[in-house]
Structures are given as C-alpha cells and as structure tokens.
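Structural description and commentary
Each chain is listed here by its residues.
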Amino acid sequence: MTVRSILNEKGHDVQTIPPDATLRQAVELLAEKRIGAIVVTDAERRVVGIISERDCVRVIGLDGPTRLDDTVSQVMTSKVVTADGNESVHQIMEQMTAGRFRHLPVVQGGKLIGLVSIGDVVKHRLAEMERESTAMREYIMST
Ligand code: AMP
C-alpha cells in the first residue's frame, strides 16, 4: 500500500498557511478545522515549514500568550520531512517513528499535494491487517 492510495481515499485537501501569518491565526485555524498541524507554504505552494499543535503549546506554555503575535515562521519547524506518492505506508511509518512526528506532507514536482497523518496510517494498516487475516482464514478453511 502506498501514500498515493491513502490520498486517493482521503482526498488531497490540506490546510496551509503563509509564513508571515501570525501564530494567533495558526491556532485559530487548528481549532476551527479540528486538526493537529498546518503546512506552511509559499505563493508557489512549495513547503517551507510545518506548524503543529505541539509547537503552539510549547511556545505559549513557556512564554505565555504574547507569543500569539509571533509570525508562523518564528515558531514552525522549517526542516520538513516530506513523502512522495510512491512511498509505502511501511516506509512512512518508519519515518514518523524515527522523527517523532505525526504528520507528513506529500509533495509532487516540488509542490504540496496532500498530508498524511499518523491516524491515516493506523487506519490503513488496520484495514490491511484485516484483509490479511481474512485471506489467511479463507485459505485455512479451503485446505
Ligand atoms: P506532530 O507530532 O506532528 O504534532 O509534530 C511534533 C513536532 O515535529 C513539531 O515540532 C512539528 O513542527 C514537527 N513536525 C511535524 N511534522 C513534521 C515533518 N513532517 N517533518 C519535520 N518535522 C515535523
């Protein structure tokens, strides 16, 4: 199973924000859309960063709400690990585990085309395991 097959099922919709937006705008978007991360993109839809709820909690928890006036670029992670559609679900699970993050922007031709979260990965892995065990059961019953 590939990243592309996950995106084909869940869609290519992904929330983005420009780097010069404020942290307040990012927090409002996270709350309004009930999501855990926003991809930071430039005018050409290239990925320039990612800001997750964890980044917001870290800076506001340490310094207080004055940080809400910061720009997104001051708080985001700018070294973003991305995936392409051909990668397997197994590969991206390993990347997320090794990097300790739960979101992976998907890029094609240098531009953002989707986002896969750890929730999507778990959902697809469970469905895959279910199919495997059904096939195994059917095989055993037929022998
Ligand atoms: P998350 O688990 O996605 O809430 O993110 C935990 C931390 O990793 C935050 O500091 C994020 O900015 C960062 N992060 C999230 N996704 C990625 C990614 N794909 N590449 C690099 N850093 C990331």
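Read on for a plain summary of the structure. Here the residue numbering is sequential within each chain, running from 1 through the sequence in written order. Local features in this predicted model are restricted to residues whose pLDDT is 70 or higher, and side-chain atom pairs enter the listing and the counts only when it is 80 or higher, whereas totals over whole chains, interfaces and linings include all residues. Neither water nor hydrogens contribute to the side-chain values; these are computed over all heavy atoms in the structure.

1. Quick word on the pattern of salt bridges
Here, a salt bridge means any side-chain nitrogen of Lys or Arg that lies within 4 Å of a carboxyl oxygen of Asp or Glu. Taken as a whole, this structure holds 11 salt bridges when the rule is applied. Taking the shortest distance from any N to any O, the salt bridge between Arg 46 and Asp 42 comes out at 2.9 Å. Throughout, exposure labels follow a simple rule: accessible area from a 1.4 Å probe, protein chains only, divided by the maximum for the residue type, with under 20% read as buried, over 50% as exposed, and the rest as partly exposed. Overall, the relative accessible area of 22% leaves Asp 42 in the partly exposed class. For Glu 128, the salt bridge is made with Arg 125, and the minimal N-O distance between the two is 2.7 Å.

2. Some remarks on the packing of helix H2 (residues 23-33) against helix H3 (residues 53-63)
Between N-to-C directions, angles span 0 to 180 degrees; the directions come from axes that are lines fitted to C-alpha atoms, helices contributing only their stretch in contact. Where helices and strands are cited, they refer to DSSP runs of H or I of at least four residues and of E of at least two residues respectively, numbered from the N terminus. At their nearest, the axes of H2 and H3 sit 11 Å apart, and the two run at 130° to each other. Judged by the inter-axis angle, H2 sits oblique to H3. Along this stretch, H2 crosses H3, giving a crossing that reads as left-handed. Counted together, Leu 23, Val 27 and Leu 30 of H2 and Glu 53, Cys 56, Val 59 and Ile 60 of H3 form the full contact between these two elements. Split by residue class, the contact of H2 with H3 holds six nonpolar, no polar and one charged. In these notes the angle categories are as follows: under 35 degrees is roughly parallel, over 145 is roughly antiparallel, 65 to 115 is roughly perpendicular, and the rest is oblique. The hand of a helix crossing depends on one turn: near helix anticlockwise from the far one by less than a right angle means left-handed, and clockwise means right-handed. Any pair of residues with heavy atoms lying within 4.5 Å of one another is described as a contacting pair. Each residue gets one of three labels, nonpolar for Ala, Val, Leu, Ile, Met, Phe, Trp, Tyr, Cys and Pro, charged for Asp, Glu, Lys and Arg, and polar for the others, Gly among them.

3. Section: the site of the ligand
Each residue is tested against the molecule or strand, and it is near if at least one of its non-hydrogen atoms lies within 4 Å. All residues adjacent to the ligand are Ile 50, Ser 52, Asp 55, Thr 77, Lys 79, Val 80, Val 81, Phe 101, Arg 102, His 103, Leu 104 and Pro 105. Ser 52 has a polar side-chain atom sitting 2.8 Å from an oxygen atom of the ligand. In the analysis that follows, any N or O atom pair within 3.5 Å is treated as a polar contact, provided that within protein one partner can donate a hydrogen and the other can accept it, and provided that, for residues neighboring in sequence, both atoms belong to side chains. At 2.9 Å, a backbone N or O of Val 81 approaches a nitrogen atom of the ligand. Protein contact buries 91% of the 480 Å² of open area that the ligand shows by itself. In terms of residue count, the dominant contributor to the shell around the ligand is strand S4 (residues 103-108) (three residues). Of the residues belonging to the shell around the ligand, the class tally is six nonpolar, three polar and three charged. Only the protein chains shown count as cover for residues, with accessible areas throughout obtained via the Shrake-Rupley method and a probe of 1.4 Å.

4. Some remarks on the side chain of Arg 67
Within the secondary structure, Arg 67 is located in the loop between H3 and helix H4 (72-75). Take Arg 67: its relative accessible area is 19%, and that puts it in the buried class. At 2.4 Å, the side chain of Arg 67 forms a polar contact with the side chain of Asp 63. Not counting residues within four places of it along the chain, the set of residues in contact with Arg 67 comprises Leu 23, Val 59 and Val 75.

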